[in-house]
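Residues per chain, in single letters:
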Amino acid sequence: MTDTRVLRVDPRDPEEVVLKKAAELLAVGGLLAFPTETFYGLGANALDPQAVGRVYAAKGRPESKPLLVLVDSVRMVQSLVEGVPAAAWTLMTKYWPGPLTLVFRARGNLPEELTAGTGTVGVRMPGHPVAFGLVRTAGFPVTAPSANLSDEAPPTTAADVQRVFEGKIELILDGGPTKGGLPSTIVDVTVTPPRAIRRGALELPE
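Cut-offs applied
Residues numbered from 1 in each chain as written. Predicted model: local features only at pLDDT ≥ 70, side-chain atom pairs only at ≥ 80, totals over all residues. Heavy atoms only, no water. Axes fitted to C-alpha atoms, helices over the stretch in contact; angles between N-to-C directions. Helix = DSSP H or I, 4+ residues; strand = E, 2+ residues; numbered from the N terminus. Parallel < 35°, antiparallel > 145°, perpendicular 65-115°, else oblique. Left-handed = near helix turned anticlockwise from the far one by under 90°. Contact = heavy atoms within 4.5 Å. 1 Å grid on protein atoms, 1.4 Å probe; cavity = no way out; pocket = protein on both sides within 12 Å on 5 of 7 lines; lining within 4 Å. Points joined across faces, edges and corners; volume = space filled by probe spheres on them. Nonpolar A, V, L, I, M, F, W, Y, C, P; charged D, E, K, R; others polar. Buried < 20%, exposed > 50% of the residue type's maximum accessible area, 1.4 Å probe, protein only. Pairing = 2+ DSSP bridges. Arc of directions from axis to C-beta. Salt bridge = Lys/Arg side-chain N within 4 Å of Asp/Glu carboxyl O.

1. A few points about the packing of helix H1 (residues 16-27) against helix H6 (residues 129-138)
- Where H1 contacts H6, the axes come no closer than 9 Å and their chain directions differ by 60°. What the angle tells us is that H1 and H6 run oblique. Judged by the sense of rotation from one axis to the other, the crossing of H1 with H6 is right-handed. On the side of H1, the interface is formed by Leu-19, Lys-20, Ala-22, Ala-23 and Leu-26, while H6 contributes Val-130, Gly-133, Leu-134, Thr-137 and Ala-138.

2. A word on the layout of surface pockets
- There is about 830 Å³ of room inside the largest pocket.
- Mapped onto the lining of the largest pocket, the elements with two or more residues apiece are strand E3 (40-43), strand E5 (100-105), strand E6 (120-124), strand E9 (185-188) and strand E10 (195-198).
- Counting residues per element, the lining of the largest pocket draws most heavily on E6, which supplies four residues.
- Of the residues in the lining of the largest pocket, the class split is 16 nonpolar, eleven polar and eight charged.
- Here the second largest pocket defines a volume of roughly 220 Å³.

3. Focus on the pairing of E3
- Where burial is concerned, the two faces of E3 agree: the one with Tyr-40 and Leu-42 and the one with Gly-41 and Gly-43 are both buried.
- Here strand E2 (residues 32-35) hands over to E3 after four residues, the two strands then running antiparallel side by side.

4. Considering helix H4 (residues 86-95)
- Within the sequence span of H4, burial applies to Ala-88, Leu-91, Met-92 and Tyr-95. Summarising the axial view, the buried residues of H4 lie within an arc of 100°, below the 170-degree limit, and thus occupy one face. Exposed side of H4, more than 90 degrees from the buried face: Ala-86, Thr-90, Thr-93 and Lys-94 are the residues found there.
- Looking at the buried residues of H4, the elements they touch are helix H3 (74-78), E5 and E9.

5. Some details on the pattern of salt bridges
- Counting across every chain of the model gives seven salt bridges.
- A salt bridge links Arg-54 to Glu-170; its shortest N-O distance comes to 3.1 Å. Of the two residues, Arg-54 sits in helix H2 (residues 49-59) while Glu-170 sits in the loop between helix H7 (158-165) and strand E8 (171-174), which places them 116 residues apart along the sequence.
- Among the residues examined, Arg-54 registers a relative accessible area of 25% and is labelled partly exposed.
- For Glu-170, a relative accessible area of 24% puts it in the partly exposed group.
- Asp-72 is the salt-bridge partner of Arg-136, the closest N and O atoms lying 2.6 Å from each other. Of this pair, Arg-136 sits in helix H6 while Asp-72 sits in the loop between strand E4 (69-70) and H3; the two residues are 64 residues apart in sequence, bridging distant segments of the chain.
- By relative accessible area, Arg-136 is classed as partly exposed at 46%.

So, in structure tokens, the structure goes:
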């Protein structure tokens, strides 16, 4: 692979031309890193099995661990999941966009690489303008594990990402430092009542 390209992007009002270049890269199976509310994420077209496989390989991530995906709308959620329980509608309405990942039963046509054979998929609508704009421009769900090697500290700057992934991914969108902190809160909505399976950046009432 050639050198990893770095493009500056306004974290508050991302330039359309930059988002379009990034989306075009994802559409042909490329990988890129981009800022989210907490850390930099590693993005691929979540519906492309080969691209998803590249995410696992780049991170050294166990293939038994599914990847969460970012969406830009409830319609995109519905294209990924078997159904949206009433409790999930409540959580989405109240907390999205934001650092809340909901685990749904996955549609059978999703790549097994994405779900790791679990039959479920974690979905989040991001509040960061770059992350949201990337998904909206691409028109398909985008993977978003942290852009680090597995078991290493997640990155808060583009430079952190470049040190690890130079030559391994095609593009880094440099939106300046992210705030770090806790990752997204994860709630399983395949059970009743929903169950928090990771405490994170969003504090939910007990």
